[in-house]
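Residue-level structural notes
Below, each chain spelled out in residue letters.
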There are 2 protein chains.
Amino acid sequence: MRKAYLDHIAATPLHPEVLESMLPFLKENYGNPQSLHSSGQDALQAVENARERVAELINADPSEIFFTSSGSESNNFAIKGFALAQKNRGNHIAVSAVEHQSVLHSVKYLEHMGIKSTQIPVDKFGLVNLDELKKTLTPETILVSVMLANGEVGTIQPIKEIADFCAAKGILFFTDAAAAAGNIPVDVKELGVDALCLAGNQFYGPKGTAALYVKKGKRLLPFIDGGVQESGRRAGTEDVAGIVGFGRAAELAGKHMQKRADKAIPLRDALLRGLPEKVKNVVVTGHPEKRLPFHTSFCIEFVEGEAMLLNLDMNGIAASSGSACTSKALKASHVLLAMGLDHALAQGSLVFSFLEENTMEDIEYLLEVFPPVIDRLRQMSPIYPGNL
Amino acid sequence: MRKAYLDHIAATPLHPEVLESMLPFLKENYGNPQSLHSSGQDALQAVENARERVAELINADPSEIFFTSSGSESNNFAIKGFALAQKNRGNHIAVSAVEHQSVLHSVKYLEHMGIKSTQIPVDKFGLVNLDELKKTLTPETILVSVMLANGEVGTIQPIKEIADFCAAKGILFFTDAAAAAGNIPVDVKELGVDALCLAGNQFYGPKGTAALYVKKGKRLLPFIDGGVQESGRRAGTEDVAGIVGFGRAAELAGKHMQKRADKAIPLRDALLRGLPEKVKNVVVTGHPEKRLPFHTSFCIEFVEGEAMLLNLDMNGIAASSGSACTSKALKASHVLLAMGLDHALAQGSLVFSFLEENTMEDIEYLLEVFPPVIDRLRQMSPIYPGNL
């Protein structure tokens, strides 16, 4: 059976050069970076070298990069760390309605501590509108969070515009760029953000590697308390091999980004055009142009996402129906609901996202096997009008 | 030059079988465990298999194991998660004075939220005395934390006795077993603890891998908020390869624990006896018998730990002067001060801890090169009585 892995957004493989860079730190170079002896100092140097590579990818200073274990940890770190550090300045934060659950749940945590929050609505493409954002702000607002690109619908937000506005108001601005960084150009200075999250596993780096960029001079509390690591801002023995791989992945991402995008965009556009042509009652979700180069997303009417995923899997095709962090919750995606899709339609959500190894043949194969799958599932559906 | 790595407590190498178990998940098996397709399900199965291995090591149920990225994260998770979940029942927690910084700083975090705390004093061996513990408790006490074994002085606490006492009082009891689990027998049922932290990098597993055991039915809040991973208690894409390696390391630890201890104890005892014989004004720190099998610790009068470490390193010997999480803080260890050592003596702290590959020749080599190093450093010391 032909195989086509079309689930970049859930997991990318390690680039072979990433694995190669990690191996010495999984073998002979096993020192703890906090040890003063040479074995430790070698590990420290490797960690600091990786920090430079990650900083370069987003045009930051290495001292502004704090390694964490996941995008979710970085998001918790940013939202809780900023809000608790700025508590004396105000008690309100505003976050977009399409943020990752780790942002939304961090906000809920803060609500238990008396911090208020407002969700910024989005339009039907998932875009935050600056005028809507302005309406959510109060004199108490200390922090705004809007993600750079959404993993479920691919939409890329006008971050620079939002960041500039917040800066003018003296409000901290954080962006979750986990799905974006390493895949599209991200320049923290040009964007003007105060903090930004990125994740190695989104661009051929290891799982369990991520970072938080924090602009020099911006105060935030540590999240994992109690160690000298990461300039005292994040305790815990460093995952040296993972961090080294993350650094190498960042370097490769900078080098190959354009080539990867040039390869992915024709696949994306062929699928965004092709699937609605081949199958009736298919809606493209997310923005038609302002979207990640490797990302397509749809809602297929009258069929459930999970059933489609399992049937695609039987045909060798790996895809997802939204964020891997919520896939098993079996609830309609809060992102799609925020975009105004109705509940039933949101249940039929599907994301196909491409790796650099995917080809037009993969798209052709998908467009060949998927329509009959949908037909069959619809024939079994109690809600499909054709069956009524 | 001969090399002797005597710094188990800071970092252990990966066991070759651990690395071997990880490699498929760093190569072809790159799925996200939360994905519904077969690539994801393979990853999930590997994670759940590792969870069983880790559970077995400490006689827990797999559903009681939550993977984290470090002992520090597990400690934050336990202390903050329990205290915030039990806030309605009381607002006081008691922790031993020799806890890891990630426990002590988590307590400080909670103090900002109105939770009070008391430190339980220890004796000159670093042991918590149950009578002293009793004095620290109030009707408001909801949580007690005493570590199982201390990484800086090797002392093993009477955990069962403390846990039984807390259970009888209806107070939650947490133990940080990061330095102990995988190295000495740890049975959560026999100990009677409500939660326990363990770390893969302490027993030939990967850095960046750890877990929190939470007894079934004991409520604690998530620490990293916002995902379905780890039964909704810890968000973030799983470090699949790391977790698999952690599981394999746990399996190997169970199998080789006795053999490893039998090999380490003669080295430990030879060094604990030999160094004070060869060098004047050397104090063994920690308990003479109730200590980790692979662990020795000393205070060398009139010399600073850092200078000794660098000179040992020049002789090919890797050691540490306390916890890697505080080594660069250059402050006297809070553990040694809590044991009643004076500030100057505590500056001369040294830990030699053994891997399974270490031999008696390593100890002999250390005992040969170290005394002249101390002599030389003392000759340069402005406080050495011989120089006055």
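First, a word on what this report is: a plain description of the structure on this page. (Residues numbered from 1 in each chain as written. Chains lettered and ligands numbered in written order. Predicted model: local features only at pLDDT ≥ 70, side-chain atom pairs only at ≥ 80, totals over all residues. Heavy atoms only, no water.)

**Topic: the nonpolar core**
Counted only if it meets this: To define a nonpolar core, start from buried Ala, Val, Leu, Ile, Met, Phe, Trp, Tyr and Cys residues and group those joined through side-chain atoms within 4.5 Å. Partly exposed residues are those whose accessible area sits between 20% and 50% of the maximum for their type, while under 20% is buried and over 50% is exposed, using a 1.4 Å probe and protein chains only. Contacts were defined at the residue level, with two residues in contact if any of their heavy atoms lie within 4.5 Å.
In this structure, Phe352 and Phe370 of chain A together with Phe352 and Phe370 of chain B are the most contacted members of the largest nonpolar core, which totals 217 residues. Ignoring sequence-local partners within four residues, the contact set of Phe352 of chain B consists of Leu6, Leu271, Leu275, Phe294, His295, Thr296, Phe298, Leu312, Ile317, Ala319, Leu366 and Phe370 of chain B. Among the nonpolar cores identified, the runner-up in size contains 62 residues, and Val95 of chain A together with Phe66, Ile93 and Ala178 of chain B belong to it.

**Brief notes about the side chain of His287 of chain A**
Residue and element names in this part refer to chain A. For the record, the criterion: Secondary structure elements follow DSSP: runs of H or I no shorter than four residues count as helices, runs of E no shorter than two count as strands, and numbering proceeds from the N terminus. Whenever a nitrogen or oxygen atom comes within 3.5 Å of another N or O atom, the pair is scored as a polar contact, on the condition that within protein one atom can donate a hydrogen and the other can accept it, and that pairs from neighbouring residues in sequence are kept only if both atoms are in side chains.
Following the sequence through the fold, His287 ends up in the loop between strand E9 (282–284) and strand E10 (295–300). Owing to a relative accessible area of 8%, His287 belongs among the buried residues under this scheme. For His287, the side chain forms a polar contact with the main-chain nitrogen of Glu289, separated by 3.0 Å. Beyond its immediate sequence surroundings of up to four residues, His287 is in contact with Phe125, Leu127, Val153 and Thr155.

**Concerning the environment of Arg234 of chain A**
One can find Arg234 of chain A in the loop between strand E8 (210–214) and helix H8 (240–278). Through-space distance from the C-alpha of Arg234 of chain A to that of Ala4 of chain A is 39 Å; in sequence the pair is 230 residues apart. Here Glu73 of chain A takes part through its side chain, which lies 2.8 Å from a polar atom of the side chain of Arg234 of chain A. Within the structure, Arg234 of chain A has its side chain in polar contact with the side chain of Ser69 of chain B (distance 3.1 Å).

**Some thoughts on the pattern of salt bridges**
Let me state the cut-off plainly: For salt bridges, the criterion is a side-chain nitrogen of Lys or Arg within 4 Å of an Asp or Glu carboxyl oxygen.
Per the counting criterion, the structure on display carries 32 salt bridges over all chains. Among the ionic pairs, Arg234 of chain A bridges to Glu73 of chain A, the shortest N-O distance being 2.8 Å. A residue pair is termed long-range when its members are at least 10 positions apart, and Arg234 of chain A in the loop between E8 and H8 and Glu73 of chain A in helix H3 (residues 71–85) qualify at 161 residues. Summarising the burial analysis for this pair, Arg234 of chain A and Glu73 of chain A share the class buried. With a shortest N-O distance of 3.3 Å, Asp164 of chain B and Lys160 of chain B are connected by a salt bridge. Here Lys160 of chain B and Asp164 of chain B lie together in helix H6 (residues 159–169), a separation of four residues that amounts to about one turn. Asp164 of chain B sits in the partly exposed class, given a relative accessible area of 38%. When salt bridges with common partners are traced through the structure, they connect Glu17, Arg248 and Glu251 of chain A into a single cluster.

**Regarding the packing of aromatic side chains**
Filter applied, for reference: Here the aromatic set is Phe, Tyr and Trp, taking the six-membered ring for Trp, and pairing holds for ring centres within 6.5 Å; pairs whose planes are under 30 degrees apart are stacked, those over 60 apart are edge-to-face, and all others are tilted. Only lysine NZ and arginine CZ atoms are considered, and such an atom sits over a ring when it is within 6 Å of the ring centre and within 35 degrees of the ring normal.
Summed over the entire model, instances satisfying the criterion amount to 13 aromatic pairs over all chains. Centroid distance Phe67 of chain A to Phe246 of chain A: 5.8 Å. Interplanar angle 65 degrees. Geometry classified as edge-to-face. Note that Phe67 of chain A is positioned in strand E2 (residues 65–68) and Phe246 of chain A in helix H8, a separation of 179 residues in sequence. The exposure class assigned to Phe67 of chain A is buried, which follows from its relative accessible area of 3%. The exposure class of Phe246 of chain A is buried, given its relative accessible area of 0%. Among the aromatic residues, those joined into a cluster by ring pairs are Phe67, Phe203 and Phe246 of chain A. Its end group placed over the ring of Tyr109 of chain B, Lys80 of chain B keeps NZ or CZ at 4.2 Å from the ring centre.

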